[in-house]
Amino acid sequence: MKHRSLKYRRGVDMGIRLISSLAALFGMAMLGWILSIVILKGMPAINWEFFTELPAPPGMPGGGLANAILGTLLITLLAVLMGVPIGLAAGVWLAEFGQQSKTAEAIRFAANLLMGTPSIIIGVFVYVVIVMTTGHFSGISGAVALAIIMLPVVARTAEDMLALVPSALREAALALGVPRWKATLGIVFRSAKTGLLTGILLAVARVSGETAPLLFTSLNSPYWPESFKEPTANLTVTIFNYAMSPYEDWQTLAWGASLLIAGSVLGTTVISRGFLWYRSK
Amino acid sequence: MQTKTHINLDPAFRWLTLASGLAVLLLVGSILYTLVMGAMPALKHFGFGFLTSQEWNPAFMEFGALSSVYGTLISTAIGMLIAVPLSLVIALFLVEIAPPAVRRIVGGAIELLAAIPSIIFGMWGLFVFAPFMADYIQPWLASIAPGFPLFQGPPMGIGMLSAGIILALMVLPFITSVTRDVFQMVPAVVKESAYGMGSTTWEVTRKVTIPYGIQGVVGACFLGLGRAIGETMAVTFVIGNRHEISASLFAAGNSIASTLANEFTEASDDLYLAALIELGLVLFGVTLILQWAARWWLRRTARKMGAVR
């Protein structure tokens, strides 16, 4: 090894420390920049009408995004109803039955692939499978797309959380003659409750900010959501449409919607992380 | 002793959960199948020329993916060039340099950055960051490198460079967190021995931590790359959406994902739609390969490091 003076080595060390501290500071600054812009530009749009009224035609002042807020809630709820049970069940099989088998490995691998698949591809897939066969855009197809995105996330977290439950607990239940399904749902699930809930919350947070899979499934609509068989208004696609429009009122509404989406996604994330952190202490 | 006979639900339970697991497997297969089938008309009509033609003219039914593929590659490359070094030094900061309290705050902020939805990056990018680029960064780049082909043309703000920088911000948290985990996998004993020899923090990092974790870092970069390539909304907002290839990074362009986001609902013709689905197929294929490579690589690394430990 080449001999260097201590002064030089200390100097290089200080330099690297400085660079990496600055980089960390830069990351924080960018986060601060983005969040403060969303708050500053979004706040003026948030008022009573924003939550209660339909969007006004371009040029007319006022109006709100009540239909899109409701639509996003409904689509997300429907996605949760489809994605969470299947995801949980898949997680149960991986943790309780599959374990290290070939099939389990293949499913895990597929889940990882699915998690890494760009969400717009899921949108294209659902478009071809549902929108093209039924002949029209629909809220339900948007919910299916979101459910597909949630599915692998829920499955993998559920597996991880169930695997943390000590096997002594399962064995004790089984030794008492409890059937497997009861042991899993009644005992293993109960002790993994917090973890499972956190996983589901994180998955919900992730999909509620998604736009790309809804662009050509749910589409958007200026009316109240009446049926899932029709295009359904939702916040994220509204942001996209309004941001690209030349009308200032609409752009303001888009900022309001951005604040709402960012606030709820980040809020959910922070709460569920805090949950995990609190529990691990 | 006579016990009450009851229906054994266990096989049903087992079968039901297995079916759910297999659904995941089936989904990946059917996505691939659906995309191939949907793209078939375009695959037959254009053949391999689809990937090498730059013409994209729906009015004349001419579709070539080259400008979208080029835009995806260039914006991703810019993003990775910025994100990888930054993520490495931030991970270093988190593992080796920061005191625990600072570590928690910075780590939390980086995780928060990862949670911001793509569309929020898009809004910020279009209305705040692009004008900032046009007013400050792009004129400055043009002035320090006059005549440099990459920095030619009017500073519009939107374009390839802005898209790349926003991509960098979006993948940075992912690469940082995987890199941090890899750095933390280095056994403390090995690092402590180096410190005991009188090494500085940087020397320990360069000679012990990085060589030890280099493979994991490569895997992390693959994961980040897979994410950057399919990123849609943020890119669609700022890339400019123009089906043309220009040498300058200031110019507007498009990416596969942005083309899909902009044109999918407008595709009135079957061939147009098939061409768009084929673009999707190309994107899906690339991300599949990247994911595959990354997982394989990370797993190999974990096994190796486990053996060393």
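These figures come from a predicted structure and were not determined experimentally.

Definitions and limits used
Residues numbered from 1 in each chain as written. Chains lettered and ligands numbered in written order. Predicted model: local features only at pLDDT ≥ 70, side-chain atom pairs only at ≥ 80, totals over all residues. Heavy atoms only, no water. Helix = DSSP H or I, 4+ residues; strand = E, 2+ residues; numbered from the N terminus. Rg over C-alpha atoms; globule rule 2.2 N^0.38 Å. Buried < 20%, exposed > 50% of the residue type's maximum accessible area, 1.4 Å probe, protein only. Areas by Shrake-Rupley, 256 points an atom, 1.4 Å probe, with all protein chains shown as cover. Lys, Arg positive; Asp, Glu negative; His and termini not counted. Charge placed at Lys NZ, Arg CZ, Asp CG, Glu CD. Contact = heavy atoms within 4.5 Å. Polar contact = N/O pair within 3.5 Å; in protein donor to acceptor, adjacent residues only side chain to side chain. Domains from an automatic or database assignment. Buried area = accessible area lost by both parts, 1.4 Å probe. Salt bridge = Lys/Arg side-chain N within 4 Å of Asp/Glu carboxyl O. Core = buried A, V, L, I, M, F, W, Y, C linked by side-chain atoms within 4.5 Å. Phe/Tyr/Trp six-rings, centres within 6.5 Å; stacked < 30°, edge-to-face > 60°. Lys NZ or Arg CZ within 6 Å of the ring centre and 35° of its normal. Nonpolar A, V, L, I, M, F, W, Y, C, P; charged D, E, K, R; others polar. Axes fitted to C-alpha atoms, helices over the stretch in contact; angles between N-to-C directions. Parallel < 35°, antiparallel > 145°, perpendicular 65-115°, else oblique. Left-handed = near helix turned anticlockwise from the far one by under 90°.

(A) Representation of the overall build of chain A. The number of helices and strands found in chain A is twelve helices and zero strands. Taken from N to C terminus, the helices and strands of chain A fall in the order α-α-α-α-α-α-α-α-α-α-α-α. Radius of gyration (C-alpha) of chain A: 24 Å, far over the 19 Å computed for a compact globule of 281 residues. By its C-alpha atoms, chain A is 70 × 65 × 35 Å across when sized along the principal axes. Expressed as a percentage of the 281 residues in chain A, the buried residues total 52%. Total accessible area on chain A stands at roughly 13,000 Å², and carbon and sulfur atoms take up 68% of it. If the 20 positive side-chain charges of chain A are averaged to one point and the 13 negative ones to another, these points end up 19 Å apart.

(B) Structural context of the overall build of chain B. Helix and strand content of chain B: eleven helices and two strands. Along chain B, helices and strands appear, N-terminal first, in the series α-α-β-β-α-α-α-α-α-α-α-α-α. Judged by the C-alpha coordinates and their principal axes, chain B covers about 75 × 75 × 35 Å. By the burial criterion, 52% of the 309 residues in chain B qualify as buried. In chain B, the share of contacts with a sequence separation of at least 24, taken over all contacts with a separation of at least 6, comes to 74%. A total of about 13,700 Å² of accessible surface is found on chain B, and carbon and sulfur atoms cover 68% of it.

(C) Just the side chain of Asn220 of chain A, in detail. Residue and element names in this part refer to chain A. Residue position: Asn220 is located in the loop between α10 (212-215) and α11 (235-243). Reaching out from Asn220, the side chain makes a polar contact with the backbone nitrogen of Asn234 at a distance of 3.5 Å. Engagement of the side chain of Asn220 in a polar contact is seen with the side chain of Thr238, the distance being 3.1 Å. Setting aside chain neighbours within four positions, we find Asn220 in contact with Pro231, Thr232, Ala233, Asn234, Val237, Thr238 and Asn241.

(D) Seen up close, the domain arrangement of chain A. Residues and elements named next belong to chain A. Domain boundaries in chain A define domain 1 (6-45) and domain 2 (60-280). Inter-centroid distance (C-alpha atoms) of domain 1 to domain 2 is 32 Å. Taken together, the contact between domain 1 and domain 2 spans eight residues of the former and eight residues of the latter. Together, the buried faces of domain 1 and domain 2 total about 620 Å²; carbon and sulfur atoms form 89% of this surface. Of all residues in domain 1, the largest losses of buried area upon contact with domain 2 belong to Val38, Lys41 and Ala45, amounting jointly to 60% of the total for that side. The tally of links from domain 1 across to domain 2 stands at zero salt bridges.

(E) Focus on the nonpolar core. Counting residues in each nonpolar core, the largest one holds 177 residues, and the members touching the most others are Ile120 of chain A together with Phe121, Trp124 and Phe264 of chain B. If one sorts the elements of this core by residue count, helix α6 (residues 160-185) of chain B sits on top with 15 residues. Residue assignment places this core across two domains, with domain 1 (6-45) and domain 2 (60-280) of chain A each supplying three or more. Contacts of Ile120 of chain A, omitting those with residues within four sequence positions, involve Ala212 and Phe216 of chain A together with Thr232, Ala257, Leu260, Ala261 and Leu283 of chain B. Of all hydrophobic cores here, the second largest spans five residues; its members include Val186, Ala194, Val204 and Tyr212 of chain B.

(F) A look at the packing of aromatic side chains. Under the counting rule described, the total for this entry stands at 25 aromatic pairs over all chains. Here the aromatic rings of Trp296 of chain B and Trp297 of chain B are separated by 6.3 Å at their centres, their planes lie at 55°, and the arrangement is tilted. Judged by relative accessible area, Trp297 of chain B falls into the partly exposed class, the value being 22%. Put simply, the rings of Trp33 of chain A together with Trp124, Phe129, Phe132 and Tyr136 of chain B touch in pairs and so form one group of aromatic residues. Sitting over the ring of Phe174 of chain B, Arg227 of chain B keeps its end group 4.1 Å from the ring centre. Lying across the ring of Trp297 of chain B, Arg300 of chain B places its NZ or CZ 5.1 Å from the centre.

(G) Structural context of the interface of chain B and chain A. Contact with chain B, which involves 73 residues of that partner, is made by 81 residues of chain A. With both sides pooled, the region where chain B packs onto chain A buries about 7,100 Å², and carbon together with sulfur makes up 82% of that total. Joining chain B to chain A, the criterion identifies two salt bridges. With a shortest N-O distance of 2.6 Å, Glu203 of chain B and Arg9 of chain A are connected by a salt bridge. Run the count over chain B and chain A and you get eight residue pairs in polar contact (both at pLDDT 80 or more). Secondary structure elements with two or more residues in the side of chain B that touches chain A: α1 (10-46), α3 (66-97), α4 (100-115), α5 (118-144), α8 (201-230), α9 (233-238), α10 (256-263) and α11 (270-308) of chain B. Broken down by element, the side of chain B that touches chain A gets its largest block of residues, 16 residues, from α1 of chain B. Split by residue class, the side of chain B that touches chain A holds 48 nonpolar, 17 polar and eight charged.

(H) Summary view of the environment of Gln100 of chain A. Residue and element names in this part refer to chain A. Residue position: Gln100 is located in the loop between α3 (66-98) and α4 (102-116). With relative accessibility at 65%, the residue Gln100 sits in the exposed group. Note: C-alpha distance between Gln100 and Gly139 (39 residues apart in sequence) is 39 Å.

(I) Seen up close, the packing of α3 of chain A against α1 of chain B. Where α3 of chain A contacts α1 of chain B, the axes come no closer than 7 Å and their chain directions differ by 110°. As far as their axial angle goes, α1 of chain B and α3 of chain A are roughly perpendicular. You can see that α3 of chain A and α1 of chain B cross each other, and the crossing is left-handed. Residues Ile86, Ala89, Ala90, Val92, Trp93 and Phe97 of chain A of α3 of chain A form the contact with α1 of chain B, whose own contacting residues are Phe13, Arg14, Thr17, Leu18, Ser20 and Gly21 of chain B. For the contact of α3 of chain A with α1 of chain B, the class distribution of residues is eight nonpolar, three polar and one charged.

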